[in-house]
Amino acid sequence: MSASKQNGIFSFFVKKTAPETEEFRENFFYEQIATLVGAGGWRVDFLNKKSYFDKQLQKILETPDSYKPSLKHALHFFEMNFHETIINSYHNLASGTPIFDEVIKMVTYTNKTFWAHAISKPDIDNNGEIVGLKGVVVNVNKEKERELMLEKAIDLVEANNSRLFTFANYVSHNIKSHVNNLELTSQLVETQKFTEDQKELFNNYNEIAKSLNRTVSRLNEVVSIQTKASLPKITIDLEETLEEIKTQLRPLIEQEEAYIYTDFSEVPEIEYNQEFLNNIFTILIKNGILNKSPSRKPEIKAYCIENDKKISLIIEDNGKGYDLSDRNADQIFHMSRSTDNNENNQSVGLFIVKNQVEALGGKIEVKSKLGYGTKFIITI
């Protein structure tokens, strides 16, 4: 093929190619971005008394190609409950309010409702005069619907929690009265005339009544956690609080020759619930002492650190430790967990500690190894 023929075939590409203008590029990128995010623009011209929708807003509002926007019909595109908001925003913006930025409910030309993020501001000329209004509408219907569903789910969970709390409170108080009657009845019974078999049976009855009383008392304590968690937090000195707990536990500490080491130099104070913190210190220190290793004296370390703006209260011991290899670490915090020594069973205390920590929005983790000890990490 000759060079002249080749030039003739491809020459129409060269002849019809026009230079790309800055305005064309801006319009192209605007349209692509607007389509991507579901956004459209509008403008009200006070001087010429006209309103304008761009192509993207026409798609969002589903208006026909022949539709001409008009300010007097603007409210038709907003759900009735938002009419007052739109009217007020119009007057505020026209009077110089710098911006309107809210999520509102809109209505399309074909009468379909959707949630939109509306951003509007005054249109100001070179002389600083307000000559109109302009804005952007972003379709956020999916996001808003998910948000409303989540809010509804949260409300449902809170309502269920409230009903469960009320039920637990009712049950615990009613059972408590029956348990008190059992214990009072057992005190009034004369056991001198009992046979040996009857005495043994009655002793079992007493033990059951006492055990039930302890369980109900613990249930009452668990039920009260949610109420106490709503109390305002206060600034607490960690060193002072731990010293008070050590004083309360002194007989046990001296009996077991336990050593307690503290270092709160990095974080000396925290915002927390005082009663909860006292119980956390008490239970975790007692746990470290009562679950001591037979080959060494108990040592407890308590310190507080801050990492990535998160505060962690750490209490670790050199006791027997727990075997976490074949079960979830949370099993340690189960109220029904059994230990080798029922008399020193700390599972109920650990269960309450976990509930107190989580009721205040925190988290408690445990790291442990048999024969080496246990570390409790409480993220405030």
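Keep in mind that this is a model prediction, so the values were computed, not measured.

**Comments concerning a nonpolar patch on the surface**
Where nonpolar side chains cluster on the molecular surface, the patch consists of I175, L182 and L212 and spans about 190 Å² of accessible area. Relative to the assigned elements, L212 resides in helix 6 (residues 196–229). We classify L212 as partly exposed; its relative accessible area is 35%.

**Looking at the pattern of salt bridges**
For the structure shown, the criterion picks out eight salt bridges. E62 is the salt-bridge partner of K112, the closest N and O atoms lying 3.5 Å from each other. Within this pair, whereas K112 is found in the loop between strand 3 (100–107) and strand 4 (113–124), its partner E62 is found in the loop between helix 3 (55–61) and helix 4 (83–94), the two being separated by 50 residues in sequence. K112 gets classed as partly exposed once you look at its relative accessible area, which sits at 48%. Of the charged contacts in the structure, one is a salt bridge between K144 and E147, with a shortest N-O distance of 3.5 Å. Taken as a pair, K144 and E147 lie in helix 5 (residues 141–188) at a separation of three residues, close to a single helical turn.

**Looking at the sheet that holds strand 11 (residues 363–369)**
What the five strands build is an open sheet, ordered 7-9-10-12-11; its pairing is mixed. Looking at strand neighbours, the two that pair on one side only are strand 7 (259–263) and strand 11, the edges of this open sheet. Averaged over all pairs of adjacent strands, the angle between their axes in this sheet comes to 15°, without regard to strand direction. When strand 11 meets strand 12 (residues 373–379), the two strands line up antiparallel, connected through seven bridges. In the strand pairing of strand 12, K367 is matched with K375.

**Structural notes on the environment of H178**
For H178, the location among the structural elements is in helix 5. When the C-alpha atoms of H178 and A209 are compared, they prove to be 9.8 Å apart, with 31 residues separating the residues in sequence.

**Structural notes on the packing of aromatic side chains**
The geometry of an aromatic ring pair is captured by two quantities: the separation of the ring centres and the angle between the planes. According to the stated counting rule, one finds seven aromatic pairs in the structure shown. With 6.3 Å between their ring centres and 75° between their planes, F46 and Y90 make a pair best called edge-to-face. Residue F46 is found in the loop between strand 1 (39–45) and strand 2 (50–53), and its partner Y90 is found in helix 4; the two are separated by 44 residues along the sequence. A relative accessible area of 27% means that Y90 is categorised as partly exposed. Taking 6.4 Å as the distance between ring centres and 25° as the angle between the ring planes, the aromatic pair formed by F53 and Y67 counts as stacked.

**Side note on helix 4**
The end-to-end C-alpha distance of helix 4, which contains 12 residues, comes to 17 Å, matching closely the 16 Å that a straight helix rising 1.5 Å per residue would cover. Three or more residues of helix 4 are buried, namely I86, S89 and L93. Down the axis of helix 4, the smallest arc covering the buried residues is 65°, so these residues share one side. For helix 4, the secondary structure elements touched by its buried residues are strand 3, strand 4 and strand 5 (130–139).

**Structural notes on the nonpolar core**
Core analysis: the largest hydrophobic core is formed by 42 residues, its most contacted members being F264, Y272, L277, F281, I285 and L350. With residues near it in sequence (within four places) discarded, I285 still touches L242, I245, L249, I260 and I300. Ranked by size, the runner-up nonpolar core spans 22 residues in total, among them A39, F78, F100 and A118.

**Concerning the side chain of N291**
Here N291 lies in the loop between helix 9 (274–290) and strand 9 (299–307). For N291, the contacting residues outside a window of four places in its chain are G319, K320 and Y322.

**Observations concerning unusual backbone geometry**
At K49, a residue that is not glycine, the phi angle is positive and equals roughly 55°. Tracing the backbone through its elements, the reader meets K49 in the loop between strand 1 and strand 2. Despite not being glycine, E62 shows a phi value in the positive range, around 55°. By relative accessible area, E62 is classed as partly exposed at 30%.

**Structural notes on a negative patch on the surface**
On the surface, a cluster of negative charge is contributed by E239, E240, E244, D263, E266, E269, E271 and E306. Going through the elements one at a time, helix 7 (238–248) and strand 8 (269–272) are the ones with two or more residues in the negative patch. Here the negative patch gets three residues from one element, more than from any other, and that element is helix 7. By the element assignment, E240 lies in helix 7. Note on E240: relative accessible area 52%, which makes it exposed.

**Observations concerning the packing of helix 7 against helix 9**
Interaxial distance between helix 7 and helix 9 falls to 10 Å at its minimum, and their mutual angle equals 55°. As far as their axial angle goes, helix 9 and helix 7 are oblique. Along this stretch, helix 7 crosses helix 9, giving a crossing that reads as right-handed. Here helix 7 contributes L238, T241, L242 and I245 to the contact with helix 9, which in turn contributes Q274, L277, N278, F281, T282 and I285. For the contact of helix 7 with helix 9, the per-class residue count stands at six nonpolar, four polar and no charged.

Parameters and conventions
- Residues numbered from 1 in each chain as written.
- Predicted model: local features only at pLDDT ≥ 70, side-chain atom pairs only at ≥ 80, totals over all residues.
- Heavy atoms only, no water.
- Patch = residues over 30% accessible without salt bridge, like charges linked within 9 Å, V, L, I, M, F, W, Y side chains within 5 Å.
- Areas by Shrake-Rupley, 256 points an atom, 1.4 Å probe, with all protein chains shown as cover.
- Salt bridge = Lys/Arg side-chain N within 4 Å of Asp/Glu carboxyl O.
- Helix = DSSP H or I, 4+ residues; strand = E, 2+ residues; numbered from the N terminus.
- Buried < 20%, exposed > 50% of the residue type's maximum accessible area, 1.4 Å probe, protein only.
- Pairing = 2+ DSSP bridges.
- Axes fitted to C-alpha atoms, helices over the stretch in contact; angles between N-to-C directions.
- Phe/Tyr/Trp six-rings, centres within 6.5 Å; stacked < 30°, edge-to-face > 60°.
- Expected span 1.5 Å × (residues − 1).
- Arc of directions from axis to C-beta.
- Contact = heavy atoms within 4.5 Å.
- Core = buried A, V, L, I, M, F, W, Y, C linked by side-chain atoms within 4.5 Å.
- Lys, Arg positive; Asp, Glu negative; His and termini not counted.
- Charge placed at Lys NZ, Arg CZ, Asp CG, Glu CD.
- Parallel < 35°, antiparallel > 145°, perpendicular 65-115°, else oblique.
- Left-handed = near helix turned anticlockwise from the far one by under 90°.
- Nonpolar A, V, L, I, M, F, W, Y, C, P; charged D, E, K, R; others polar.

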